[in-house]
Amino acid sequence: MFRSLRRALCAVAAALVLPLAGVGVQPADAAADAAGAGYWHTSGRQILDAAGQPVRIAGINWFGFETGNYVVHGLWSRDYKSMIDQMRSLGYNTIRLPYSDDIFKSSTVPNSIDFSGGKNADLQGLNSLQVMDKLVAYAGQDGLKVILDRHRPDSGGQSALWYTSAVPESTWIANLKALATRYKGQDTVVGIDLHNEPHDPACWGCGDTATDWRLAAQRAGNAVLSVNPDLLIFVEGVQTFNGVSGWWGGNLMGVAQYPVQLSVANRVVYSAHDYATSVAQQPWFSDPSFPANMPGVWDKYWGYIFKQNIAPVWVGEFGTTLASTTDQKWLAALVSYLRPTSTYGADSFHWTFWSWNPNSGDTGGILKDDWQTVDTVKDGYLASVKAPLFPGTGTGGGGGGGGGSTAACSASYTVSSDWGSGFNAEVKVTNTGTTAIGSWKVAWTWSGSQQVANMWNASYTQTGSTVTAVNAAHNGSVAAGSSVTFGFGGAPGGGSVPAVNCTAS
């Protein structure tokens, strides 16, 4: 709701890339047979990968393509690879990328990208769609999936219906098909969110082709599947059904009577949006029983679809500044409702938090205003519903072994981005022994003058060119055959990958 507020842009001068900050709960890294490979499909309330294994979307919104910048925000401050690396390090496994139909125009040129110091070097001279290609490719390498979100018909603002006088339905569908064709065979893109937050006068099941969002979603979904039948089709709700109103895009009450029916089976995922008082007031916030009343509210608007095993449900947007006690209670209640991964695994609601960006006017983001530092309080609320990363296309660096026959580990070192003046790297620690380990230590020696600037999911000491990293409290215990990761930022870039030694106990 209130797009003009949440999409408010901030004038930020381009800044040099600084060391990453913040820590987060990092799930075990994806093993070779980990869930998520290939294209996905639905079965009842679950999303399954190509091998039939259940997966959970636990991700983040990174907006900007839908604005007058015609590209994700923050590239005026950071290299895009360092941002995706940081998302990965925090345990987000999916990126929702909003866009507007303006990015399909030949006259559209992305702006506000800083190329100084080697940042974003491979984006120079590219149009918006070509930049999107780069983001998709790198996300896939990092083990993240991407959901494309048709957020607006143009960069000027949100629309109640899926079309406007300037952007008719035919253009909307043609561009959806163009994206589906563009990424055909690239299973990093698992699906498309057809239109963001339909609201009054949009209806669900009223039968009027000019306003019935359910019928429009069927037309668009079938068009997408006609060129790329492997994609998931994400369908948001409306604002009002049978006189009952809620958040824009958050009312899926009509699904029970009027489900979306597509030409390819097992492709529909319903998407709800839900917000706190920092976005707008709603009657349930002033209910005397709040927050105990919230599960019943969510059940009514969208949760029943999951609970009745009709289809998967993805909360595509939810967010708050956390400034008020009410909002803090709301977020805690919602996270609990979404079902902790440790208890329910992938038999859970799916989600992408709004937003990665700090410049969302009425919610803020996971990043603070410097586009570097993590809001660890906000990120911490989401820890219990984060889920494993997916198999990526990245390659590891050097490795080594240590320990005895029952307590042993190996480590691989990967430089995930290097912009000359600095770099980001990730180290994967794998338990190669026959029993669980309780702690691990990784060491390496650089051949150059590199210094660690900041490290997450591990603590470190550096003496000269030798670095020793020790597990954090939450990731020291590693089951046999499982892996965990930690990451760091350092400077300068351009160094070679060192040999890495791992010791387990």
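Nothing here was measured: the structure is a model prediction, and the numbers come from that model.

(A) Geometry of the confidence of the model for the protein. Summarising the model, the protein shows a mean pLDDT of 89, and 91% of its residues fall at 70 or more. For the stretch residues 1–32, pLDDT sits under 50, and the model shows 122 contacts to residues farther than four places along the chain or on other chains. Across residues 395–405, confidence stays below pLDDT 50; counting only partners more than four residues off in sequence or on other chains, it has 30 contacts.

(B) View of the pairing of strand β20 (residues 466–471). Relative to β20, strand β17 (residues 440–445) runs antiparallel, the two being bridged by 5 bridges. Along β20, the bridge assignment pairs A443 with T468. Remark: 2 residues form the turn of the hairpin made by strand β19 (residues 458–463) and β20, two consecutive strands paired antiparallel; G464 in that turn has positive phi of roughly 65 degrees.

(C) Fine view of the sheet that holds strand β4 (residues 58–61). The strand order around the closed barrel formed by 8 strands is β4-β5-β6-β7-β8-β11-β12-β13, and the pairing between neighbours is parallel. Across this sheet, the average inter-strand angle for adjacent strands is 25 degrees, counted without regard to direction. Alignment of strand β7 (residues 189–193) against strand β8 (residues 232–236), held across 3 bridges, turns out to be parallel. The partner of D193 across the bridge, within β8, is F234.

(D) Examining unusual backbone geometry more closely. A cis geometry characterises the amide bond from F290 onward to P291, with omega recorded as 5 degrees. By the secondary structure assignment, P291 is in the loop between β11 (268–275) and α6 (294–307). The phi angle at Y70 is positive, at roughly 55 degrees, despite the residue not being glycine. Within the secondary structure layout, Y70 lies in the loop between β4 and α2 (80–90). The residue S112 is not glycine, and still its phi comes out positive at about 65 degrees. For S112, the position within the fold is in the loop between β5 (94–100) and α3 (128–141).

(E) A look at the packing of aromatic side chains. Following the criterion strictly, the structure yields 32 aromatic pairs and no others. Judged by centre distance (5.1 Å) and plane angle (70 degrees), the rings of W40 and F390 are edge-to-face. Residue W40 is located in the loop between α1 (3–6) and β1 (41–43), and its partner F390 is located in the loop between α9 (376–381) and β14 (399–403); the two are separated by 350 residues in the primary sequence. Of the two residues, W40 and F390, neither departs from the other in class, the shared state being buried. Three or more aromatic residues joined by ring pairs form one cluster here, namely W298, W302, F306, Y337 and F349.

The rules behind each value
- Residue numbers here run from 1 along each chain, matching the order of that chain's written sequence.
- Local features in a predicted model are, by the rule used here, given only for residues with pLDDT of at least 70; side-chain atom pairs are given and counted only at 80 or more, and totals for whole chains, interfaces and linings are based on all residues.
- Only hydrogens and water are removed before side-chain values are computed, so all heavy atoms of the structure are retained for them.
- What pLDDT conveys is the predictor's confidence in a given residue, as a value from 0 to 100.
- A contact between two residues is defined here by any heavy atoms of the two lying within 4.5 Å.
- Being paired, for any two strands, means DSSP has found at least two bridges between them.
- Every helix listed is a DSSP run of H or I at least four residues long, and every strand listed is a run of E at least two residues long, numbered separately from the N terminus.
- Each axis is a line fitted through C-alpha atoms, taken for helices only over the stretch in contact, and angles between the N-to-C directions span 0 to 180 degrees.
- Under the pairing criterion, centres of Phe, Tyr and Trp rings, with the six-membered ring standing for Trp, must be within 6.5 Å; the plane angle then separates stacked pairs below 30 degrees from edge-to-face pairs above 60, leaving the rest tilted.
- Note on exposure labels: buried denotes an accessible area under 20% of the residue type's maximum, exposed denotes more than 50%, and partly exposed covers the range between, all computed with a 1.4 Å probe on protein chains only.

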